[in-house]
Amino acid sequence: MPLAKWLDRVLGPRARLAVLGAGILLPLAALFPLWRITMFANQFPEGLRLAIYSYKLEGGSGGADLEGINILNHYIGMQDIAAADFVEMKFIPFALGVFLLLSLRTALFARVRDLVDLTVLLVYFSLFSFGAFWYRMHSYGHHLNPEAPIKVAPFTPPLFGHQHLANFDIYSFPGPGSFLLLGATACLVVVLALDARRALRT
Amino acid sequence: MTSRLSLIAGLAALTACAPSRTPQTGQGGQLADARVAAGRTYVAPGQLDEYYLFYSGGHSGNVFVAGLPSLRHIMTIPVFTPYPGTGYGFDVDSKQMLGGYTWGDVHHPALSKTKGDYDGRWLFVNDNANNRMARIDLKDFKTKQILGPIPNSSGNHGSAFVTENSEYAVVASRFSVPIPLGTYAPITDYATKYHGVVSGIKIDSATGTMSLAWQIMTPPFDWDLASTGRDVSHDWVVWTSYNTEEATGRLEVTASQKDRDYMVFVNWKQAAEAAAAGKGKIIGGVRVLDPNDIPGAMYLVPCAKSPHGADFSPDGRYVVCNGKLAPYVTVFDFAKFQQAAAAHDTTGSESGIPVLRFESVRVAEVPVGLGPLHTQFDDQGYAYTSLYVESAVAKWKVGPFDGHDSTLVVAKIPVHYAVGHLVVAGGDMRHPYGKYLVSMNKMSKGQHLNIGPSEPESSELIDITGNGLTMLSEAFTEPEPHFAQIAPATLLHPIEVYPKADNHDPNAIWAASDAKIMRRGNIVEVKLYAIRSYFSPSAIEVNQGDSVIIHITNGEQERDMIHGFGLALYNINVVMDPGEMKTVAFRATKAGVYPFYCTNFCSAMHQEMQGYLLVKPRGGPAAASASTQAGPVGR
């Protein structure tokens with residue numbers, strides 16, 4: 001089947017349902033942390049916890065942990081980690097809504113072309129958001145006040161996995177929000193792949 | 001030389017032959033096997049105790065908190081005495097609460113109750129010295145209110161026992177004086193011009209706030225200890241007395257002439273109603289009832305010589321009176337008390353208070369031993385009586401009282417030494433917890449490393465499960481525990497930090513950028529921010545003679561991140577818990593430069609957490625009218 005013809009093909013009912021499902025997962029991702037960072041030390045056996053949502057930062061212990069992390073970071077001259085610095089937090093919730101609408105559109109008109117657009121945009125959006133998050137972390141760790149009481153070499157806080165920094169063991173992992181985003185993206189990719197395989201066979 | 005050696009050898013032999021006493025265990029009481037006792041009382045680092053022990057600090061004016069079974073002292077709650085360790089008595093609020101007094105004498109802590117059982121909300125304590133009561137909030141373990149000095153009453157000993165639903169806490173005068181306070185009368189007029197007073201302190205059920213509700217004037221007996229009724233005896237409180245001889249001088253002799261003194265039973269409900277109805281008269285600014293104003297609400301019952309404690313059994317059915325100069329405790333039946341009162345079965349009266357016939361109310365005399373002071377109860381139907389003279393604790397069965405009183409005592413254990421009060425977990429509740437007893441001994445006499453002549457008191461932990469008494473461990477306590485309360489750890493839910501969001505004080509600030517120095521005439525008011533590891537502002541400039549008010553906010557929300565503010569040579573030290581704001585006020589009388597610093601170790605940069613109060617001398621250029629200073633670099 002020629003590519004142009006395939007792109008104009010209409011998806012089957014099961015594929016439409018899958019696209020609809022993926023679309024609904026996307027705004028749900030806003031309800032859960034996208035990322036979780038936990039810092040353990042001898043005197044913090046319960047850990048200092050930070051949850052990063054698509055639209056806010058939430059410290060553990062009713063918010064006290066974020067203040068605690070910022071107070072500790074000020075000794076090395078790091079600026080306060082604040083939601084206001086994360087430009088992403090303004091556009092991600094909006095974007096999730098846009099993707100829900102695009103998913104509904106795809107499920108309704110159900111042309112392969114729409115599905116390709118949706119999938120490519122969503123993958124791009126996810127990678128861009130992750131990149132922006134990395135840049136934010138890198139920026140916090142590389143713009144240290146030179147007059148700080150404790151001088152440390154510039155560093156990038158861990159994005160994934162474990163890092164030992166001074167007396168802290170820091171663990172950074174994606175949260176349920178990221179898994180929902182990943183799940184939705186994977187769902188769209190699988191639908192697209194299955195349809196492409198069928199198209200190739202005919 | 002050889003003869004001298006042999007003499008020494010002979011002396012040594014003599015010494016070896018001198019009689020010595022092996023530690024006694026007493027009937028049914030034993031010292032636990034060391035490994036068993038260690039296992040029962042060891043609480044590993046990071047593990048938590050099972051019970052709170054709140055024990056009074058006597059004339060230190062404080063309350064101590066320990067954990068059981070470890071018996072480890074965890075904290076001191078300052079109540080009637082300034083305590084630089086937590087800055088108590090240095091800030092404006094606590095200073096005002098102390099009212100200029102620098103000590104008190106805490107004897108009997110009382111946990112608030114609901115339906116006769118501890119509810120874990122407040123701890124009420126008395127001040128035996130200056131007639132006061134205090135309330136400690138168990139949300140943060142801080143003294144929140146000091147009531148008093150209570151008018152007309154002198155020496156608040158028989159206190160702070162609370163009624164079954166914390167309707168009232170009670171107060172009684174240990175010392176009779178002419179009233180209102182401040183009145184002079186010669187000591188020779190003791191029997192006529194001096195008065196005892198018992199009082200009811202109303203407790204607000206929502207806030208715990210105490211207020212004086214009623215007082216009753218009594219003969220000049222020395223009121224001693226109290227106990228509050230439960231269930232059938234709900235409306236009643238009982239106090240013991242000594243010196244019913246109404247004597248003066250050497251009371252140890254003059255007040256020990258009668259074979260029996262009195263317990264007084266007071267119906268607090270009727271007393272409150274009579275006061276509300278406007279009976280009695282105003283003395284010292286408060287309404288004071290005469291016993292004649294409340295017929296049927298006040299009775300005397302004779303009790304064996306110079307009693308200390310009178311204690312209601314958990315079901316409220318019996319009162320155990322501990323006559324400290326008698327070798328037994330006397331048990332009274334509350335039902336028989338009611339029958340005798342209804343039948344006017346009296347043997348006389350004292351100042352209008354009927355004296356009920358002793359034989360009609362008494363049901364048993366249990367021969368517990370010498371010097372019974374105070375009785376508590378467990379959940380298995382046993383009572384425990386402290387024996388001061390015998391330096392022991394007796395365990396006995398609360399009934400049946402069928403004439404075989406001597407068979408009721410089941411065990412006894414010596415303590416080291418001279419026990420005053422004892423406390424059983426929940427031992428004055430409707431449903432005691434049992435399990436542990438702490439014997440609070442007045443003397444420790446070398447049970448510890450020798451620390452010179454000023455020896456501490458000793459507290460001994462005794463396992464009371466089963467039929468016996470087993471000594472588990474011992475700890476030493478600063479002066480001086482009297483009574484105590486034991487509550488399970490699960491009953492209390494204290495906060496960890498003061499949440500910023502709950503602090504609505506306009507003088508509290510939550511960012512260094514909000515710190516400021518304001519001047520109004522000769523008054524300099526500072527909003528000071530304390531957070532790891534700096535003060536903002538770090539320099540405060542004033543003129544000599546200025547009134548200085550500093551509001552210090554600890555901006556932390558992290559557990560145990562406490563900051564102090566110590567001002568050298570101005571005798572000021574306050575300590576702020578996370579999220580707490582305190583105010584200090586003083587006059588800058590001394591010119592010069594005075595450092596202030598964080599007194600409570602907070603962080604790696606704690607030592608750097610400091611600043612200066614700069615006092616410009618009179619006659620020099622005046623300090624800036626207003627200025628603000630940001631925090632140090634790096635922030």
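Located above this text is the structure these notes cover.
Residues numbered from 1 in each chain as written. Chains lettered and ligands numbered in written order. Predicted model: local features only at pLDDT ≥ 70, side-chain atom pairs only at ≥ 80, totals over all residues.

Draft legend 1. A look at the overall build of chain A. Along chain A, the regular secondary structure elements total 6 helices and 5 strands. Over its C-alpha trace chain A gives a radius of gyration of 21 Å, far above what one expects of a compact globule, namely 17 Å for 202 residues. Considered along the principal axes of its C-alpha atoms, chain A spans approximately 70 × 30 × 25 Å. Looking at chain A as a whole, 27% of its 202 residues qualify as buried. Of the contacts formed within chain A by residues at least 6 apart in sequence, a portion of 69% connects residues at least 24 apart. (Helix = DSSP H or I, 4+ residues; strand = E, 2+ residues; numbered from the N terminus. Rg over C-alpha atoms; globule rule 2.2 N^0.38 Å. Buried ≥ 20, exposed ≤ 12 C-beta atoms within 10 Å, placed from the backbone. Contact = placed C-beta atoms within 7 Å.)

Draft legend 2. Quick peek at the sheet that holds strand 20 (residues 329-333) of chain B. All names here are of chain B. Spatially, 18-19-20-23 is the arrangement adopted by the 4 strands of the open sheet, whose pairing is antiparallel. If you trace the sheet from one side to the other, it starts and ends with strand 18 (307-312) and strand 23 (362-366), each paired once. Sheet twist, expressed as the average angle between the axes of neighbouring strands with direction ignored, equals 20 degrees. Along the sheet, helix 7 (residues 334-342) contacts strand 19 (318-323), strand 20 and strand 23; its crossing angle with strand 20, the most-contacted strand, is approximately 65 degrees. (Pairing = 2+ DSSP bridges. Axes fitted to C-alpha atoms, helices over the stretch in contact; angles between N-to-C directions.)

Draft legend 3. Region of interest: unusual backbone geometry. All names here are of chain B. Following His-416, the chain continues to Tyr-417 via a peptide bond in cis, the omega torsion being -5 degrees. Mapping Tyr-417 onto the fold places it in the loop between strand 27 (409-414) and strand 28 (419-424). The residue after Ser-536, namely Pro-537, is reached through a cis peptide bond having omega 0 degrees. Relative to the assigned elements, Pro-537 resides in the loop between strand 35 (534-536) and strand 36 (539-543). Positive phi, normally seen in glycine, also occurs at Ser-166, with a value near 55 degrees. Positionally, Ser-166 belongs in the loop between strand 8 (142-147) and strand 9 (168-172). Residue Ser-166 is classed as buried on the basis of its 22 C-beta neighbours within 10 Å. With a phi close to 50 degrees, His-344 is a non-glycine residue in the positive phi region.

Geometry only, nothing functional implied.
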